Amino acid sequence: MFGGLRAARDGAEVDLGPWRQQVILAMLLVAAGGVVSIESMVDCLWGENPPASAINQIQRHVGQLRRILEPDLPARSNGRYLLPAGTGYRFLIATEDCDLAMFRELVRRARADVASGNTTAGVRAYLTAFELGRSPAFAGLPVQTLNTAGFVAVERERITVAVAATDAAILSGMADRALTPLLIMAEAAPLDEALQASLMRAHLATGNRAEAQRVFEQTRRRLVEELGVEPGPRLRDAYRELLASGWTPEDEQAPANVLRPAQLPPPVAGFVRRNDVAAILDERLADTFSETTVVITALGGMGGIGKTALAVHWAHEIADKFPDGQLYLNLRGFDPTGRVMSSDDALSTLLASLGEQDTPEQSLDVRAARYRTVLAGRRMLILLDNARDAEQVRPLLPATRGSLVIVTSRNSMVSLVAREGARYVQLDRLNEAESHEFLVNRLGRARTDAEADAVRDIVTACAGLPLALAIVAARAALNPRLPLRVIATQLATPSGALDTLSTVERGDDLRTVFSWSYHNLEPDAAYIFRVLAAHPGQEISLESVASAAGIDRTNTRLRLDALVASNLLVESRPGRFSVHDFLRAYGGEVLNRAGEREAVERRLVVHYLHSVHACYARYWRQPVTVLPAPGPNVWAETCQSLQEALDWYTREQPAVWPIAEVALRHGMVREAALLVLGVVPGLDRPPHAPETNVTIAQRILDAAPGIVEPVVEAELERCVAMMSPVPDAVTHMQRALSIFARIGDLAGQSNVSRNLAMRNMAQGDAACLAHAERAVELARQAGRRDLLASGLLTLSEIHLKFERTELGRRAGEEGLAIVRADRLNHLNIYYARYVAEASWKLGRLDQAIEVAEWGLAEAVSESNGPLCATAAILARAAFDRGDMVRAEQASQRFEALIAGDGFHELVEMSSVEEAVGYRDMVAYVRARLNLLETPP
């Protein structure tokens with residue numbers, strides 16, 4: 001709530017909908033579990049003139065909020081959080097899930113600790129609450145709603161706690177801890193005398209009497225000018241404490257005739273405020289007046305991310321806090337001319353700006369010392385834009401407190417952070433809402449609303465890069481009759497986007513901006529930048545980069561670190577990297593110009609071929625054929641467990657299919673075929689494959705005859721069959737069966753027979769039983785226990801589907817014994833489901849419970865579907881057995897799984913009817929348990 005109403009699920013921010021919907025949620029949160037009447041909601045949202053549909057609108061917003069909070073909530077269900085109560089609603093949420101609730105709980109503990117004499121613990125709790133609530137609650141909601149009684153009370157509560165926390169901190173000698181959040185709060189409430197008086201006392205307690213006096217004079221002036229009143233008792237008492245400390249007004253007289261430069265460039269038009277970054281910057285502003293050393297804020301990010309725009313905008317916002325002036329200097333660290341400004345030249349310019357005569361004959365150190373002397377005791381804002389590195393910036397830093405230095409750079413300024421204690425703020429892309437606001441600010445709402453779909457596509461294509469959005473806006477503004485849809489179409493591919501985002505102005509051309517960073521790289525790092533462009537994945541592993549580059553992992557890591565430091569790459573997770581689409585497109589162009597693409601892509605194919613099959617082996621599956629040796633400096637990724645293999649497939653599947661297409665383009669047909677065969681190693685159920693993947697697999701199959709071995713061709717036929725609709729699938733399976741029979745491959749025939757069984761079963765065709773029995777017999781003849789286990793699983797499922805429960809149990813138990821003996825862990829949960837279900841239906845409740853619990857404990861699955869089914873069976877079997885504790889636990893497990901993607905995955909695994917059946921099974925158990933708990 002503090003700093004703006006936001007919600008997150010699993011770390012990702014959730015859109016809470018339109019402002020009225022957010023106000024309803026805010027009112028419920030403020031009530032802290034109490035009832036908020038519909039009448040009070042109407043008053044807050046519409047005042048004295050509500051529309052006739054007001055109540056219906058509120059009910060609709062409540063329904064939307066429930067679906068946002070619980071996406072899988074059944075229709076017309078109240079859910080767990082937003083409940084009807086009396087003539088309104090109440091909102092139930094755990095304290096730890098809501099910052100306002102945590103704030104209130106911390107304050108309660110603080111007051112209790114102080115009252116009981118545990119002052120230190122009380123002050124710490126107060127300060128923690130103070131830090132949590134230093135930004136106004138519900139910022140961003142309409143002002144007229146925030147002026148209503150409930151929201152005003154929260155703001156008053158926040159200020160009251162700030163004053164109490166400050167008083168307690170001062171008494172405990174911890175005033176410095178309270179000063180930073182207090183400065184932020186006092187800035188937001190300049191006419192609150194209690195808050196300003198607390199700020200004066202905090203400054204006084206930390207030895208900064210001049211700041212205390214400045215707060216008094218500034219607050220007094222505002223009270224007189226805006227309200228026509230003199231300071232009240234609290235502010236006067238704080239001023240008396242200042243005088244009693246020995247301070248006199250003469251102590252702070254400013255020197256006469258001091259030059260006060262005002263050099264900030266004009267703010268960027270259409271600027272979009274980044275609230276997350278603004279909060280960090282405001283904290284640094286507060287530190288300027290509370291820390292004992294100069295405060296340095298370094299803004300970093302890739303070219304075009306908006307560092308200068310943000311720095312200039314923020315500098316204008318806070319300029320009045322620095323009465324001695326503002327200095328601005330473009331250090332040209334990344335400039336199309338290549339002429340980086342030296343520290344000597346920068347000092348000459350800065351000294352001249354301060355009215356000092358330059359002495360170029362003196363050394364850099366002497367002139368830097370003179371510069372620091374001139375700045376001593378002054379409160380200056382210094383913006384050093386487009387810095388190359390820390391060494392360029394270091395001589396330009398003041399040495400005493402009171403000044404704020406803002407540095408922008410494409411490099412991450414590690415040395416400046418380590419030695420000078422700079423606070424580094426990494427600028428990320430604009431989010432979707434911010435990007436949309438940017439275009440609205442530049443083009444006007446009428447034009448953006450008229451082509452809302454095109455604007456949405458433009459926002460997606462520009463991927464949050466402010467420079468790209470600015471170029472688009474400029475093109476649209478210069479061509480008011482040009483439909484935005486035309487621009488959106490031109491931006492549809494990253495390479496086309498680079499052409500669209502080219503301009504005649506070199507400083508505003510996307511390729512040129514990227515080139516400044518690229519040409520400043522060392523040759524080894526530049527090579528890795530080009531290599532990255534060949535990778536089609538959203539995330540790129542260290543090993544795949546090393547393999548594609550053909551060098552060892554240690555040197556690859558060093559070069560990747562250099563790219564991260566240059567903000568050309570992001571390490572999204574340890575050992576995994578991501579690159580902006582536009583940078584990838586630019587890297588592709590320089591890769592092509594260097595003539596390196598084919599060699600890099602061929603090495604990437606080999607890397608993925610061996611990685612896929614290393615993970616495939618974790619499924620206890622025999623490779624289709626022998627792989628060629630990988631060659632030197634191919635760092636195939638390996639998996640130590642089945643779960644690691646599943647995680648690898650989840651991450652890498654989106655990249656493997658395009659890489660298979662790359663292999664085909666380079667004539668690596670066999671490699672392409674083996675990539676495709678290794679990429680989906682699950683239970684051979686028909687995957688919901690994108691059309692592009694089906695097309696790739698079919699093209700590889702078309703190229704395979706005469707190039708790959710018959711067994712590979714047959715497996716390709718089977719693979720394409722599993723991704724194809726029924727008529728085509730049967731044709732491909734018959735071809736596969738024919739090839740396997742011709743070469744005497746019993747295992748291959750078993751696999752195809754099992755696939756045919758599953759296809760027939762999905763259509764309700766009784767012929768599935770013959771295919772399944774044939775698959776089992778062929779697996780026995782081949783001596784392949786892994787295939788026998790898979791075949792028995794399919795046979796058990798078919799028997800259960802056609803209500804031959806005892807036969808299903810027998811097949812299931814035979815296969816389960818193999819799975820346990822041979823540790824075929826990828827089949828654990830599937831066998832647990834069918835054996836438990838058969839046992840429950842046959843009244844063998846103890847066996848059903850034992851097998852289901854084993855399966856849930858030992859499950860390794862890429863889908864929650866089988867876990868949902870097994871938990872449902874366990875709940876019902878336990879209830880029927882009279883074990884209410886187990887039934888309750890299993891019901892909770894099912895509900896937790898279904899709350900995510902479990903129901904959707906359950907439908908994919910079986911059918912809508914079966915999935916609903918499992919859900920109804922748990923609903924029955926839950927209803928019966930509730931009846932048992934309710935007294936007659």
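To be clear, the structure that these remarks concern was listed above.
What this report covers is the structure whose coordinates are included nearby. Predicted model, so just to flag it, every value in this text is computed and none were measured.

Conventions and cut-offs
Residues numbered from 1 in each chain as written. Predicted model: local features only at pLDDT ≥ 70, side-chain atom pairs only at ≥ 80, totals over all residues. Heavy atoms only, no water. Buried < 20%, exposed > 50% of the residue type's maximum accessible area, 1.4 Å probe, protein only. Helix = DSSP H or I, 4+ residues; strand = E, 2+ residues; numbered from the N terminus. Pairing = 2+ DSSP bridges. Salt bridge = Lys/Arg side-chain N within 4 Å of Asp/Glu carboxyl O. Axes fitted to C-alpha atoms, helices over the stretch in contact; angles between N-to-C directions. Contact = heavy atoms within 4.5 Å. Parallel < 35°, antiparallel > 145°, perpendicular 65-115°, else oblique. Left-handed = near helix turned anticlockwise from the far one by under 90°. Nonpolar A, V, L, I, M, F, W, Y, C, P; charged D, E, K, R; others polar. Expected span 1.5 Å × (residues − 1).

So, on to the pairing of strand E9 (residues 404-409). With six of six residues buried, E9 is to be regarded as a mostly interior element. Pairing of strand E6 (residues 295-300) with E9, which is carried by six bridges, proceeds in the parallel orientation. What sits directly across from Gly300, in E9, is Ser409. Judged from the five bridges that link them, strand E8 (residues 381-387) and E9 form a sheet pairing that is parallel.

Let us look at the environment of His519. Tracing the chain through its elements places His519 in helix H24 (residues 510-519). His519 gets classed as exposed once you look at its relative accessible area, which sits at 60%. Taking C-alpha positions, His519 is 9.4 Å from Phe334, a pair spaced 185 residues apart along the chain.

Within the structure shown, the criterion is met by 46 salt bridges. Here Arg602 makes a salt bridge to Glu598, at a shortest N to O gap of 3.1 Å. With Arg602 and Glu598 both in helix H29 (residues 597-616), this residue pair falls four residues apart, about one helical turn. Its relative accessible area of 42% is what places Glu598 among the partly exposed residues.

So, on to the sheet that holds E8. Spatially, five strands are ordered E7-E8-E9-E6-E10 in an open sheet, and the strand pairing comes out parallel. Edge positions in the open sheet fall to strand E7 (326-330) and strand E10 (423-426), since each of these has one partner strand only. Between one strand axis and the next, the sheet turns through 15 degrees on average, direction left out of account.

Strands sit in the order E3-E5-E4 across an open sheet of three strands; the sheet is antiparallel. Each edge of the sheet is formed by a strand with only one pairing partner; in this case those strands are strand E3 (36-37) and strand E4 (82-85). The pairing of E4 with strand E5 (residues 88-91) spans four bridges and is classified as antiparallel. Its bridge partner lying in E5, Leu82 is registered against Phe91. Helix-sheet contacts for helix H3 (residues 54-69) involve E4 and E5, and the interaxial angle to E4 is about 145 degrees.

In this section: the packing of helix H39 (residues 828-841) against helix H41 (residues 865-881). Geometry of a packed helix pair, given as the angle between the helix axes and the separation of the axes. Where H39 meets H41, the closest approach of the two axes is 9 Å, and the angle between their N-to-C directions is 30 degrees. It follows that H39 is roughly parallel to H41 by the angle criterion. Relative to H41, the crossing made by H39 is left-handed. Contacts from Ile829, Tyr830, Ala832, Arg833, Ala836, Glu837 and Trp840 of H39 reach H41 at Pro866, Leu867, Ala869, Thr870, Ile873, Arg876, Ala877 and Asp880. Broken down by class, the residue content of the contact of H39 with H41 amounts to 10 nonpolar, one polar and four charged.

This brings us to helix H38 (residues 805-822). Spanning 18 residues, H38 covers 26 Å between terminal C-alpha atoms, matching the ideal 26 Å at 1.5 Å per step. The set of residues buried in H38 consists of Thr805, Gly808, Arg809, Ala811, Gly812, Gly815, Leu816, Ile818 and Val819. Arg823 sits one or two residues past H38 and shows a positive phi near 55 degrees.

Glancing now at the side chain of Gln57. Along the polypeptide, Gln57 turns up in helix H3. Not counting residues up to four positions away in its chain, the partners in contact with Gln57 are Trp46 and Pro51.

Positive phi outside glycine occurs at Ala463, with the angle close to 50 degrees. Looking at where Ala463 falls in the secondary structure, it is placed in the loop between helix H20 (452-462) and helix H21 (466-478). Phi is positive for Glu803, close to 65 degrees, though the residue is something other than glycine. With respect to the element layout, Glu803 can be found in the loop between helix H37 (785-801) and H38.

Contact geometry for helix H5 (residues 119-132) and helix H7 (residues 149-171): axes closest at 9 Å, N-to-C directions at 140 degrees. Regarding the angle of H5 to H7, the classification is oblique. Crossing geometry of H5 relative to H7 is assigned as left-handed. Together, Val123, Tyr126, Leu127 and Phe130 of H5 and Val161, Ala162, Ala164, Ala165, Thr166, Ala168 and Ala169 of H7 make up the contact between the two elements. Of the residues that constitute the contact of H5 with H7, the class distribution is 10 nonpolar, one polar and no charged.

As far as function goes, none of this settles anything; it's purely spatial.
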